[in-house]
Each structure stands twice: as structure tokens, then as C-alpha cells.
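# A closer look at the structure
Each chain is listed here by its residues.
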Amino acid sequence: VQLVESGGGLVQAGGSLRLSCAASGRTIRTITTGWFRQAPGKEREFVAAIFRSGTTTRYADSVKGRFTMLRDNAKDTVYLQMNSLKPEDTAVYYCATGSRIILSSMTAESAYDDWGQGTQVTVSS
């Protein structure tokens, strides 16, 4: 699966951004898709994921209530709508997919097989 992220940029604290991840090579409704992020000097961490059935979504505690992950099956694209952004949300955001992920491993980086190149999100204070 090839993944291309877009939508990153510079935004002030309290603002919003929407990231997109377009998939090719596999129908997105057959795979679990997740968003991860890596801030400078920190390890990559889980942000959000949608299970392949589309019925289950998971969020990191740090983004619950502010971020929403959506999927458009017709476009083979997932989105991460990010509202009320904070400076600590500054990171490179990566889209990832896996075809054999089970519900209990949706938040685990090691469960994902394919990764995009990442898109930079910078939130100024």
C-alpha cells in the first residue's frame, strides 16, 4: 500500500488543520489505518486509528475531544481533523496501514505494515 499524506503546516494555538492520507494499492475499507506522530527528540506515538470494518475508532488520551479521524471509502482516503491545536501537538504526522491488525493492537506501532512519508505540523504559541 502506498500512502501520501498532505495538509500539514503552521497554525497558531487554538487553530485547526485537516490532514489527509490517500492510499493506493489496496482498498482502504479492507485495512486498518492509523495516525502516529513524532516530535523532535521524542519517540513516535499513536494518535488515532480506524479499524478496517470502520466501526471502531481509537484515540490517544492527549487528543480525545480535539481530533477526529474520518474515512472516505470512495476516495480511499482517511482524514485527521485537528481542532484546538496546542504547541505540544507540534510533530511530524505519519499515516500507516495494516491488513492483519486486531482490535487490541490498533494503537501499536509495530502492528502497521506500510507508512507514509509524514507531514509536518507546527503549532505556534
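Attention now goes to the packing of aromatic side chains. According to the stated counting rule, one finds four aromatic pairs in the structure shown. Ring centres of Phe36 and Phe46 lie 5.7 Å apart, and the angle between their planes is 75°; on these two criteria the pair is classed as edge-to-face. You can see Phe36 sitting in strand 4 (residues 32-38) and its partner Phe46 sitting in strand 5 (residues 45-50), a full ten residues away along the chain. Per residue, the accessibility class of Phe36 equals that of Phe46, and both read buried. Between Phe36 and Tyr112, the ring centres sit 5.1 Å apart and the planes meet at 80°, which makes this aromatic pair edge-to-face. Remark: Tyr112 occurs in the loop between strand 9 (91-98) and strand 10 (114-115) and Phe36 occurs in strand 4; sequence separation between them is 76 residues. Over the aromatic face of Tyr94 sits the side chain of Arg44, whose NZ or CZ is 4.8 Å from the ring centroid.

We now examine the nonpolar core. Grouped together as the largest cluster of nonpolar side chains are 35 residues, with contacts concentrated most on Trp35, Val47, Phe67, Leu80, Met82, Tyr93 and Tyr112. Elements that contribute at least two residues to this core include exactly strand 3 (17-24), strand 4, strand 5, strand 7 (67-72), strand 8 (77-82), strand 9 and strand 11 (119-124). Per-element tally for this core: the top contributor is strand 5, with five residues. Beyond its immediate chain neighbours, meaning those up to four positions away, Val47 contacts Trp35, Phe36, Arg37, Arg58, Tyr59, Ala60, Val63, Phe67, Leu80 and Tyr93.

Only one face of strand 11 is covered, namely the face carrying Thr119, Val121 and Val123; the face carrying Gln120, Thr122 and Ser124 is uncovered. Two elements, strand 2 (residues 9-12) and strand 11, share four bridges in a ladder whose sense is parallel. Pairing of Gln12 across the sheet is with Ser124, part of strand 11. Of the strand pairs in this sheet, strand 9 and strand 11 are connected by three bridges, and their pairing is antiparallel. Bridge pairing links Val92 to Gln120 in strand 11.

Thresholds applied
- Residues numbered from 1 in each chain as written.
- Predicted model: local features only at pLDDT ≥ 70, side-chain atom pairs only at ≥ 80, totals over all residues.
- Heavy atoms only, no water.
- Phe/Tyr/Trp six-rings, centres within 6.5 Å; stacked < 30°, edge-to-face > 60°.
- Helix = DSSP H or I, 4+ residues; strand = E, 2+ residues; numbered from the N terminus.
- Buried < 20%, exposed > 50% of the residue type's maximum accessible area, 1.4 Å probe, protein only.
- Lys NZ or Arg CZ within 6 Å of the ring centre and 35° of its normal.
- Core = buried A, V, L, I, M, F, W, Y, C linked by side-chain atoms within 4.5 Å.
- Contact = heavy atoms within 4.5 Å.
- Pairing = 2+ DSSP bridges.

Worth remembering: the numbers are spatial, not functional.
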